[in-house]
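Chain by chain, the residues run as shown.
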Amino acid sequence: MKFGVVVFPGTWSDRDCGWVIDQVLGQELTYLWHKDADLKGCDCIILPGGFAYGDYLRTGAIARFAPVMEKVGEFADRGGLVWGICNGFQVLCEAGLLPGALIRNASLEFRCEWTNLAVERTDLAFTSQCEEREVLRVPIAHGEGSYFADPATLSHLEQRGQVVFRYCDANGRVVPNANPNGSLHNIAGIANARGNVLGMMPHPERCSEAELGGTDGLKLFRSVAESAMKVLVS
Amino acid sequence: MIARVIVTPKPVVNDPQGLTVKQGLTSLGFREVSDVRIGKYIEVNLDTSSEHEARERVEAMCRQLLANHVIEDFRFDIEPEHKRR
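Report on the accompanying structure.

Rules used throughout
- Residues numbered from 1 in each chain as written.
- Chains lettered and ligands numbered in written order.
- Predicted model: local features only at pLDDT ≥ 70, side-chain atom pairs only at ≥ 80, totals over all residues.
- Helix = DSSP H or I, 4+ residues; strand = E, 2+ residues; numbered from the N terminus.
- Buried ≥ 20, exposed ≤ 12 C-beta atoms within 10 Å, placed from the backbone.
- Contact = placed C-beta atoms within 7 Å.
- Nonpolar A, V, L, I, M, F, W, Y, C, P; charged D, E, K, R; others polar.
- Core = buried A, V, L, I, M, F, W, Y, C linked by C-beta atoms within 7 Å.
- Pairing = 2+ DSSP bridges.
- Axes fitted to C-alpha atoms, helices over the stretch in contact; angles between N-to-C directions.

1. Here we look at the environment of G73(A)
All names here are of chain A. Position of G73 among the secondary structure elements: in helix α2 (residues 67-77). Among the residues examined, G73 registers 17 C-beta atoms within 10 Å and is labelled partly exposed. For the pair G73 and L220, spaced 147 residues apart in sequence, the C-alpha separation works out to 22 Å. When residues no more than four places from it in sequence are discounted, the contact partners of G73 are A95 and L97.

2. Considering the interface of chain A and chain B
In this assembly, 11 residues from chain A lie in contact with nine residues from chain B. Considered class by class, the residues forming the side of chain A that touches chain B number seven nonpolar, two polar and two charged.

3. Brief notes about the nonpolar core
By size, the foremost hydrophobic cluster in this structure holds 76 residues, and its most contacted members are V6(A), I45(A), I46(A), V82(A), L92(A) and L117(A). Here I46(A) is in contact with F3(A), G4(A), V5(A), V6(A), C17(A), W83(A), I85(A) and G88(A), once residues within four sequence places are set aside. Counting 10 residues, the second largest nonpolar core, distinct from the first, contains V7(B), C62(B), A67(B) and F74(B).

4. Some details on the sheet that holds strand β10 (residues 187-191) of chain A
Hydrogen bonds between backbone groups are what pair the strands of a sheet, and the pairing can be parallel or antiparallel. Residue and element names in this part refer to chain A. Spatial ordering of the open sheet is given by β2-β1-β3-β4-β11-β10-β9-β6-β7, a layout of nine strands whose pairing is mixed. Across the chains shown, the open sheet's two edge strands, defined by having one partner strand only, are β2 (28-33) and β7 (135-142). Averaged over all adjacent pairs, the angle separating strand axes in this sheet is 25°, with direction ignored. Strand direction decides the pairing type here: strand β4 (residues 81-85) and strand β11 (residues 197-200), joined by four bridges, are parallel. Looking at β11, one finds that W83 is bridged to L198. Sheet contacts for α2: β1 (2-7), β2, β3 (44-47), β4 and β11; angle to β4, the most-contacted strand, approximately 125°.

Written out as structure tokens, the structure is:
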């Protein structure tokens, strides 16, 4: 299982993701520079957190023009696993690989705190090691993570079960108080219809070792490592 | 030609910046303020003398990059460059 972590100018979570893949899970890792026009045979591409291209114009708006993103789009079209975390989720929305957009937090504050996530899908390559309706404790760190989509898109997402994570309380109840940023329907992460592209605002790479206060994030990395073998990239 | 592009959040999109500025104006005594929406102003200089062509090109720029159609609306004016403010 070979993970590729994309590095744009302004990306800041690339080494955190790399550490989990390489040092914690012992999986093969390569960093992909934004100018690379080759995914180097990776089985899963991670777009990590940060401020790609300084978030100029809009978060993620410029990153989609990077040479590597053309290849990521083709890879996703072939069924390859693409995982956007925080800024990576914003990039996936701007690139049209996921529907909707991430806008300024309702509080206007940059929120850096632990959240609880209700896992709504356990049949995906990214969540196969999670229990049905499991609650994961994963931190967020963003100023623009409020998920928005028009009503038609939103009901489409719900009907097709594309909402993967929702902000919830410690008991798994999806309530307004558990929503840190004003996301519609408490959405913290969504997948594309095919289920091979995941975008999420919370940072699983920051809770994959006990020293960091939690290991729930490791379940997602482990899921990918173990189930990616089953996904056929044509 | 110069295009003056204005990008605004769609009416259905929550604009917490606008709400906060509205509260600020109200507390300064501007009680007639009923709504504030905050967007972006973008100037684009074009090497063309045809206003029609410039209009088509800027429209395409807005659709492809300058505005995100999911959350933003746009409008723009085109003027010959010598009128530049």
